[in-house]
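Chain by chain, the residues run as shown.
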Amino acid sequence: MKERLTYYALLALIYPLALLPLRALYVLADILFVLIYHVVRYRRKLVDRNLTASFPDMTGADRRATARRFYRNFADYVVETIKLLYISDREVERRFVFEGVDVIERHIAAGRSVVVYFSHCFNWEWAPSVTLHVANGADCSFGQIYRPLRNRAFDRLMLRVRGRFGSVSIPKATALRELIMKRRQGVCTVTGFMSDQKPSHGDPTVPLMFLNRPTAFISGTETLARKLGMAVVYWDLAHTARGHYRIVVRPIADNAADLPEHEVTRTYARMLQTTITRDPADWLWTHNRWKNPVTLPLE
């Protein structure tokens, strides 16, 4: 009962904001930027440390400018995510464009399920709108893997937001079991994996050089794709203007099992680094990605 009351209280607080047009929400985002950057100074030392280590050739002035743009993007991310509670499909299609969806359509037509490697680049919460772009999407089940939040009321709210376009959020702990079940039922799946953050305790990993540092990458995504013989693609997200984004679907493998072990993960890491380097302000630098030291294997 307490969880339900908290959920409806959150909804009552946030939903009126979602009714506002984005131009009004961006005014709120400008205020939020001042609060988190200048007043609260939310994780500013961590962001500066991450940027310094990842881009050692970046000047101090450029690093500070990048950090400021990152926090502005972060504030926009908050209001844009709220807006998902009340926004038309037409407006999302106009603001969040996909290129290369024919790659996914080809796999669906062949009855082959797809693993989508994705990342915490702004605004990743709008990416499930891919269902509006894939012509034969009705022939497939779309979903994304997620880690349930500790606050159940807020978790319920985020599940509502992420299910806005008909995709299903699959808990990480049950991902393999659910995808195997779909396969046995003859259901094609397109499933997004956010594999760019610090692995959880016990996650299988592969150490790679990434953004100038030895980095542990989650390898379970590749293991799952190899085990189920799934196709693999990467969603290259670009922030083209305020409130406007473009994803280019880039193929990695028609069948993950055909590539050498860890090659899918290595390819994802290279593609992600290219995306981040193109515009560093678009990636989530407030996450403590390199909290635990990693040692690369000897060549």
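Scroll up a little and you will see the structure.
Just so you know, these numbers come straight off a predicted model, no measurement behind them.

Reading the values: rules and limits
- Residues numbered from 1 in each chain as written.
- Predicted model: local features only at pLDDT ≥ 70, side-chain atom pairs only at ≥ 80, totals over all residues.
- Heavy atoms only, no water.
- Salt bridge = Lys/Arg side-chain N within 4 Å of Asp/Glu carboxyl O.
- Helix = DSSP H or I, 4+ residues; strand = E, 2+ residues; numbered from the N terminus.
- Buried < 20%, exposed > 50% of the residue type's maximum accessible area, 1.4 Å probe, protein only.
- Pairing = 2+ DSSP bridges.
- Axes fitted to C-alpha atoms, helices over the stretch in contact; angles between N-to-C directions.
- Contact = heavy atoms within 4.5 Å.

Peer 1: Help me understand the pattern of salt bridges in this model?
Peer 2: Between side chains of opposite charge, a pair can form when the charged atoms approach closely. One pass over the full model with this rule turns up 16 salt bridges. Between Asp 30 and Arg 72 there is a salt bridge, with the nearest N and O atoms lying 3.9 Å from each other. One end of the pair, Asp 30, is in helix 2 (residues 22–39); the other, Arg 72, is in helix 4 (residues 60–83), with 42 residues separating them in the sequence. Residue Asp 30 is classed as partly exposed on the basis of its relative accessible area, which comes to 32%. When the shortest N-O distance is used, the salt bridge between Arg 270 and Glu 263 registers 3.3 Å. On the basis of relative accessibility, which here comes to 23%, the residue Glu 263 falls in the partly exposed class. Among the ionic contacts, a cluster of salt bridges with common partners joins Asp 30, Arg 72, Asp 76 and Arg 242.

Peer 1: Is there a simple way to explain the sheet that holds strand 3 (residues 140–146) in this structure?
Peer 2: Through backbone hydrogen bonds, the strands of a sheet pair up, either in parallel or in antiparallel fashion. Read across the open sheet, the seven strands follow the order 1-9-8-2-5-3-4; overall the sheet is mixed. Where the open sheet ends on each side, the last strands, each with one partner, are strand 1 (96–99) and strand 4 (168–171). Taken over all neighbouring pairs, the strand axes of this sheet differ in orientation by 30 degrees on average, direction set aside. The sheet contact formed by strand 3 and strand 5 (residues 188–194) spans five bridges and is parallel. Looking across to strand 5, one finds that Gly 143 is bridged to Thr 191. Packing of helix 7 (residues 152–162) onto the sheet brings it into contact with strand 3 and strand 4, and relative to strand 3 it is tilted by some 145 degrees.

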